[in-house]
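# Examining the three-dimensional arrangement
Listed here are the chains, written in short residue letters.
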Amino acid sequence: MQYWLVKSEPFKYSWDQFVKDGQTFWDGVRNYAARNNLKAMKKGDIVFWYHSNEGLEIVGIAKVVKEHYQDPTTPDPAWVAVDLKPFKKLKKPVTLAQMKAEKSLANMDLIRLGRLSVGAVKEAEYEKIMEMAGM
């Protein structure tokens, strides 16, 4: 199993809306590194849901339920989407400030590559964030 992080602006598509919908496809990625991360996702992988621009915090966990396929928002075959389903809400959101203050997370994609919308998360990073979330 692998771990990932996706960013969503809560005013556009929040964790609460995601939970209400019950499932969504993750589309609209137009960055090659982020696209490659979508292509690497496998069914059952764990995905942190990060609220960007407002909140700046990880608020929940999703699971990949369908591996990459042609992004339905564009005819360009270079871009892909994956399907995600809510798994659980974090007991306590973990803020970007908290993650930046944690030395063991200094090499996390979210910290190093701040503009990347879909990033990899190492197992040790996942475990530390879960600990910080009280889970």
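The structure contained in this document is the topic of the report that follows. (Residues numbered from 1 in each chain as written. Predicted model: local features only at pLDDT ≥ 70, side-chain atom pairs only at ≥ 80, totals over all residues. Heavy atoms only, no water.)

### Overview of the sheet that holds strand β1 (residues 3-8)
Reading across from one edge, β2-β5-β4-β3-β1-β6 is the order of the six strands in this open sheet, with mixed pairing throughout. Of all strands in the sheet, those with a lone pairing partner are β2 (24-26) and β6 (118-121), marking the two edges. Across the sheet, the mean angle separating the axes of adjacent strands is 40° when strand polarity is ignored. Two elements, β2 and strand β5 (residues 80-95), share three bridges in a ladder whose sense is antiparallel. Across the sheet, Trp26 pairs through a bridge with Val82, a residue of β5. (Pairing = 2+ DSSP bridges. Helix = DSSP H or I, 4+ residues; strand = E, 2+ residues; numbered from the N terminus. Axes fitted to C-alpha atoms, helices over the stretch in contact; angles between N-to-C directions.)

### Focus: the layout of surface pockets
One way to see where empty space is left: roll a probe the size of a water molecule over the atoms. Of the volumes computed, that of the largest pocket is approximately 630 Å³. Surrounding the largest pocket, 23 residues form its lining, Lys7, Ser8, Glu9, Ser52 and Ser117 being those nearest its centre. If one sorts the elements of the lining of the largest pocket by residue count, β2 sits on top with three residues. Here the lining of the largest pocket is composed, by residue class, of nine nonpolar, eight polar and six charged. (1 Å grid on protein atoms, 1.4 Å probe; cavity = no way out; pocket = protein on both sides within 12 Å on 5 of 7 lines; lining within 4 Å. Points joined across faces, edges and corners; volume = space filled by probe spheres on them. Nonpolar A, V, L, I, M, F, W, Y, C, P; charged D, E, K, R; others polar.)

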